[in-house]
Amino acid sequence: MNISSRGYGAAALAAAICCAGLPASAAGSRQPALAEVKLDGNYFSRSGHRFLPVGVHWVPAKTAMQWPVQWDPADIEADFAQMQRMGINTVRLDLMWAWFEPRAGAYNPKAFEQFDALIAMAHRHRLYLHPTLFVGGEVGEAWWDVPWRHGRNPQSDPDMLRLQTEHAREFGRRYANESAVIAWDLTDEPPFWIANDTTDAMAVNWTRLIAGGIRRHDARHPIVVGVSTQDMVHGPFRPDTIAGDVDFLSVHPYTIYTPELFPDAMVSERGTYGAAFETALSRGAGRPVMVQELGASTAQYSPEKVAQFDGASLWSSLGAGANGFLLWCYTDAAPDQYRQVPYLRSPHETQFGLTTWDRKLKPAGETFTEFARIAARLALDGVEPAAADAAILIPTEWARTRGDDSSFGLTGPNLLPYVSVTEGGAVNGQAAAPFEGNQALMSAALSSFVLARRAGLQVALPRESGDWSAHRLLLLPAPLTATEPPFVHLRTDFWARALQYVREGGVLYASLSAHSAIPDMAALFGARTVDAAVASEVSLKIVKDFGDLKAGDRFHFNVPGSSAAFWGAQLQVQGGDIIAVDEQDRPALVAHRVGRGYTLLAAYPLETYLGNQPMAFDGGTDAERLYRALRQWAQVPALVSSDQSAVEAAALRGERRGYFILVNHSAAVKQTLLSTTLKVMSLSKVGAERDTPLQAQAGGWSVEVPPYSGVVLEWRGAQP
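Residues numbered from 1 in each chain as written. Predicted model: local features only at pLDDT ≥ 70, side-chain atom pairs only at ≥ 80, totals over all residues. Heavy atoms only, no water.

Trainee: Explain the sheet that holds strand β30 (residues 701–705) here, please?
Mentor: Think of a sheet as strands paired side by side through backbone hydrogen bonds, with each pair either parallel or antiparallel. Reading across the sheet, the three strands line up as β24-β27-β30 and stay open at both edges, with antiparallel pairing between neighbours. The open sheet has two free edges, formed respectively by β24 (640–642) and β30, since each of these has just one partner strand. Pairwise comparison of adjacent strand axes, ignoring direction, gives a mean angle of 35° for this sheet. Here strand β27 (residues 670–676) pairs with β30 via five bridges, running antiparallel. (Pairing = 2+ DSSP bridges. Helix = DSSP H or I, 4+ residues; strand = E, 2+ residues; numbered from the N terminus. Axes fitted to C-alpha atoms, helices over the stretch in contact; angles between N-to-C directions.)

This is how it looks when you write it as structure tokens:
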């Protein structure tokens, strides 16, 4: 039965309920069909107005991933009713491949009847569905296979690719006009499928084929791939490889599972910036971004800590421009599930829920319910994330699809073939060479992001090959200039573009390591490298006033390793001004005027130090004082700022109206003084039920922000 092809009148809803075996009382509820959803700029829109999808991933407590074969419509109905009460408007769910396609190319009509019944429930409970196809790795260490795969790699085998494309086409054919579907997720976390040798090219081809299958019949619904930290860890399904074939991107910011980048407690300054950092990093690929999974297990962390992590992460990623929020997951597993896989071998997976298995709200559920109610009150028409003041450049070599030589600068006949010795299988048929250096690149970029946000800067992460010249301030944290490996540094021709950028009025900051190599660097920085500055710890002394830093101010950094990657660079000044010296009185910070712009060069990889130091940002760090002084020196006024460095301030901006998002990344209540360069005429705190006007005082507005939580302020009357 294909209810979706007929639309949803009352008769169709009743028929779906009846065939699914739902309680008779369920059929008595008459609801109009959900409005069709589309993407509108950065956000989703329905009935002509933008809104935020706020919800969960649904895995039933009692039947888990076996729910299709242990079909219990009354229990599912109770779940949907509970989600509606929580203020949820979107439910992500798994459409198990083997259940819908038990034999290759043959589809199970009962599976589609069940999905139709879920659609009927969704309309009645005002819940949009975000279906995930195939389901490669949901819950624990399981991969839910099909019995007819016979060892073939689903991401590269031609026949498997054909069958998946036709599978996606079938869903597009049946549900092209179904308004309860908010978007198609081509699959969940494809890096964790049973195929573990996926290359960039395989990820591109798979995404392009499956998206094409959907679009054969369905051009209405947006498409995404539910990837998992593929941006931060440089996986093949990272945003830059798939952005051309999807409508929006997703992030799953499980910072606890990337300790190489987050060497911290889960609830920490850096940890609670993880969702915002991933959002900004993926948005740099040119698509809107949804926080599609987020959470932690109360089998591993206290319920209060999980609530704190979720709360700070949600508000921070909202300020970074995320357009939706779906937490993992709705409910804990029922105790009976502990006796069978995947929970049997994954105890941490048993208690990720916002509710207990018997539908009682946990602290994280209460936090999320409050977030959902405030999010539902935001009027986002005409509002976009504020333009960034500063850009942290992501190298072309990180973003490009390996094996693509189109930007290598070689022209004419290929008489003398170039073959990279580091790319391996991308060009000669062997297994793909590992991508080396990602931890160094990402940990430095993450450190720079946190420092910039604490200094009051709105931050973007554009790609080196893109247009970053509109940003007043360009940040190049170490090791972006490293010589090895080639995948993580900026290309040689970048520096000529950088010189022109500065001459035209831009401000560029870079930090160095002993590996740094910059052609003609004296023209840009007023200094050049001479040799390595071997160090086990670094002390800097300011010798010339810089921003609010005064001569005599001192800074200290611990060097977390003994390799050249952690050493600094001895500098020979050639026209620049020495701002700080190290403990041996060698130049450590050098400023230089170039045309109408300026550069600041650090002789030590300060961001690398912080990126490899546990709990580096909790309680503050000397480096944030340097970033704040850099913002002042660059004459970049903060669009919106807080006088408490632990309170992040972000802006969503429209014409004469918008929102400020304040996020407290600390464990203490913060009374902060908010200021803005906008000509704000009125400011109100947005609550779950009503707004509270705030009165301006000298210097701004005083706002109390709870620990690891956020406050939304609606501003009006700003002049364009």
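Trainee: Could you clarify how one ought to interpret helix α17 (residues 622–633) in this entry?
Mentor: One turn of the α-helix equals 3.6 residues, which is why residues spaced by three or four share an orientation. Here α17 spans 17 Å end to end across twelve residues, near enough to the 16 Å set by a 1.5 Å rise per residue. For α17, the complete set of buried residues consists of A623, E624, L626, Y627, A629, L630 and R631. Positive backbone phi, at 55°, marks Q635, one or two positions downstream of α17. (Expected span 1.5 Å × (residues − 1). Buried < 20%, exposed > 50% of the residue type's maximum accessible area, 1.4 Å probe, protein only.)

Trainee: Whenever I open this one, the packing of aromatic side chains confuses me. Can you help?
Mentor: Each aromatic ring pair is specified by the distance between its two centres and by the angle formed by the two planes. As enumerated under the stated definition, the model contains 36 aromatic pairs in all. Ring centres 5.9 Å apart and planes at 65° place the aromatic pair W143 and W193 in the edge-to-face group. On the criterion of sequence distance, the pair formed by W143 in the loop between β6 (128–134) and α5 (158–175) and W193 in the loop between β7 (184–188) and α6 (200–215) is long-range, its members being 50 residues apart. For W193, a relative accessible area of 3% puts it in the buried group. Ring centres of Y273 and F449 lie 6.3 Å apart, and the angle between their planes is 85°; on these two criteria the pair is classed as edge-to-face. Of the two residues, Y273 sits in the loop between β9 (249–251) and α8 (274–283) while F449 sits in helix α13 (residues 438–454), which places them 176 residues apart along the sequence. Judged by its relative accessible area of 0%, Y273 falls in the buried class. Linked through ring pairs, W97, F134, W143, W148, W193, W206 and F237 together constitute an aromatic cluster. A cation over a ring is seen here: R174 above F112, with NZ or CZ 3.6 Å from the ring centre. It is R238 that lies over the ring of W398; its NZ or CZ is 6.0 Å from the centre. (Phe/Tyr/Trp six-rings, centres within 6.5 Å; stacked < 30°, edge-to-face > 60°. Lys NZ or Arg CZ within 6 Å of the ring centre and 35° of its normal.)

Trainee: I'm lost on the pairing of strand β19 (residues 554–558) in this one. Help?
Mentor: When a strand is regular, its side chains alternate between the sheet's two faces. Judged by which residues are buried, β19 turns out to be one-sided: F555 and F557 face inward and are buried, whereas R554, H556 and N558, on the alternate face, are not. Across five bridges, strand β18 (residues 537–542) lies against β19 in antiparallel orientation. Residue pairing for β19: L540 is matched across the bridge by F555.

Trainee: Could you clarify how one ought to interpret the packing of α13 against α17 in this entry?
Mentor: A pair of packed helices can be characterised by two numbers: the angle between their axes and the separation between those axes. For the pair α13 and α17, interaxial distance at closest approach is 8 Å and the crossing angle is 65°. For the crossing formed where α13 meets α17, the hand is right-handed. Contact residues: α13 offers S448, L451, A452 and R454, while α17 offers A623, E624, Y627 and R628. (Left-handed = near helix turned anticlockwise from the far one by under 90°. Contact = heavy atoms within 4.5 Å.)

Trainee: Any chance you could explain the sheet that holds strand β25 (residues 647–653) here in plain terms?
Mentor: Strand order in this open sheet of six strands is β12-β25-β26-β31-β28-β29, and the pairing throughout is antiparallel. Two strands lie at the open edges of the sheet, namely β12 (384–385) and β29 (691–694), each paired on one side alone. Sheet topology note: the β12/β25 ladder contains two bridges and is antiparallel. Bridged to E384 within β25 is R653.

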